[in-house]
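# Descriptive analysis of the structure
Letter by letter, the chains look like this.
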Amino acid sequence: MSRTRRVLLLAVIVGTLAACGSDSSILDARGNEARHIAGAWWVMFGLAIAVYVGVAGFIITAVVRGRRRRRPEGAPASDGAFIWIGGIVIPVVVLALVGIVTVRTTAALRKPETRALRVDVHGEDWWWAIHYPASGITTANDLHLPVGRPIELRLTSDNVIHSFWVPQIGGKVDVIPGQPNYFRFTIERAGRYRGQCAEFCGIQHANMAIYLFADPPGLFDRWEAAHAQPPSEPSSELAAQGAVVFQRIACAGCHTVRGTQAVGTKGPDLTMVGSRHTLGAGTLENNAREMRRWITDPQRYKPGALMPAIPLSADDRTKLVAYLLSLR
Ligand code: CUA
């Protein structure tokens with residue numbers, strides 16, 4: 001193997017291992033479902049390694065022995081037992097093991113749970129609408145959930161097929177028009193877990209991230225209680241003027257801010273937009289500078305998204321940004 005090839009191979013191996021160890025790897029399981037899947041992954045990985053080592057061993061043996069000893073001309077080959085064991089018995093055993101592990105893992109997942117916290121997650125082009133039926137909270141792209149309590153996500157779409165996937169919490173679940181799918185799991189460790197739409201769904205499929213915030217139960221209860229009420233009036237003068245701008249221009253036609261006259265449903269609910277982790281479902285950071293960029297020209301950052309650029313004076317834009325960031 002040439003030096004360049006060896007370096008390339010090494011780079012591929014290191015890259016693959018680095019991807020497995022990143023902060024959104026299925027091997028870094030933080031929920032019961034993800035733990036089952038990681039377990040099945042290790043069994044399959046172990047079997048694959050064993051088969052690989054066995055086959056590579058035979059190839060090396062064949063190469064070395066073939067050079068030393070040659071069968072006499074006309075002597076019959078005696079490979080019958082080898083073909084039966086290597087070609088039939090071992091593959092049957094390996095496939096049976098994989099089958100058992102798969103069936104057991106699947107059976108352990110998605111059992112209905114009557115005490116579960118239900119959350120509705122709706123795939124949009126290209127963001128996630130999130131609704132908590134029990135408390136009436138509606139938000140987007142940031143999914144807050146309690147640790148240690150059974151969760152049931154009801155996944156729906158009325159546009160195209162998406163796929164809900166937070167690798168550290170569980171496997172991919174399709175989000176299909178006309179058929180709600182249920183994803184049931186319990187989170188075992190608090191943290192922030194990045195998820196991603198895992199089914200190609202259009203031009204901005206890559207910018208359809210979801211962040212799952214797994215909070216300790218007390219923290220989650222406080223979060224839920226705080227956001228079950230509509231947000232209070234803007235505290236700063238600038239934000240209050242921004243609220244007027246928001247109602248005057250096109251924003252309110254597409255977005256909802258609970259407790260105000262803005263009740264649009266085309267775009268994400270903005271009641272909590274100031275506290276969200278990102279803008280445009282993972283497209284931009286959520287801060288004053290990026291918010292300004294986003295509302296100035298969303299198409300520049302997320303071409304194809306429904307939101308158009310809204311003509312605004314610099315002054316109005318500053319007020320609007322102050323208002324949006326005050327919605328927490
Ligand atoms: Cu939604 Cu890909």
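As a starting point, this report considers the structure included with it. Since we're looking at a predicted model, the values are computed, not measured. (Residues numbered from 1 in each chain as written. Predicted model: local features only at pLDDT ≥ 70, side-chain atom pairs only at ≥ 80, totals over all residues. Heavy atoms only, no water.)

This part is about the side chain of H227. Counting through the fold element by element, H227 comes out in helix α4 (residues 217-228). By relative accessible area, H227 is classed as buried at 13%. What H227 contacts, discounting residues up to four positions off in sequence, is I137, R258, M272 and R328. (Helix = DSSP H or I, 4+ residues; strand = E, 2+ residues; numbered from the N terminus. Buried < 20%, exposed > 50% of the residue type's maximum accessible area, 1.4 Å probe, protein only. Contact = heavy atoms within 4.5 Å.)

Going through the model one piece at a time under the given rule, you end up with ten aromatic pairs. Each residue in the set W128, F164, F183 and F185 is aromatic and connected to the rest through ring pairs, giving one cluster. Positioned over the ring face of W165 is K172, at 4.5 Å from the centre of the ring. (Phe/Tyr/Trp six-rings, centres within 6.5 Å; stacked < 30°, edge-to-face > 60°. Lys NZ or Arg CZ within 6 Å of the ring centre and 35° of its normal.)

Let us look at the sheet that holds strand β3 (residues 137-140). On the basis of which strands lie adjacent, the open sheet formed by five strands has the order β3-β2-β1-β5-β8 and mixed pairing. In this open sheet, the two strands that pair with only one neighbour each are β3 and β8 (181-185). Averaged over all neighbouring strand pairs, the angle between strand axes comes to 20°, with direction disregarded. The pairing of strand β5 (residues 151-157) with β8 spans five bridges and is classified as antiparallel. The residue of β8 that forms the bridge with E152 is R184. (Pairing = 2+ DSSP bridges. Axes fitted to C-alpha atoms, helices over the stretch in contact; angles between N-to-C directions.)

Attention now goes to unusual backbone geometry. Residue W126 follows D125 across a cis peptide bond; omega there is 0°. The topology assignment puts W126 in the loop between β1 (117-124) and β2 (127-132). Not every positive phi belongs to a glycine, and N141 is a case in point at roughly 65°. Backbone geometry at A281 places phi at a positive 55°, although glycine is not the residue there.

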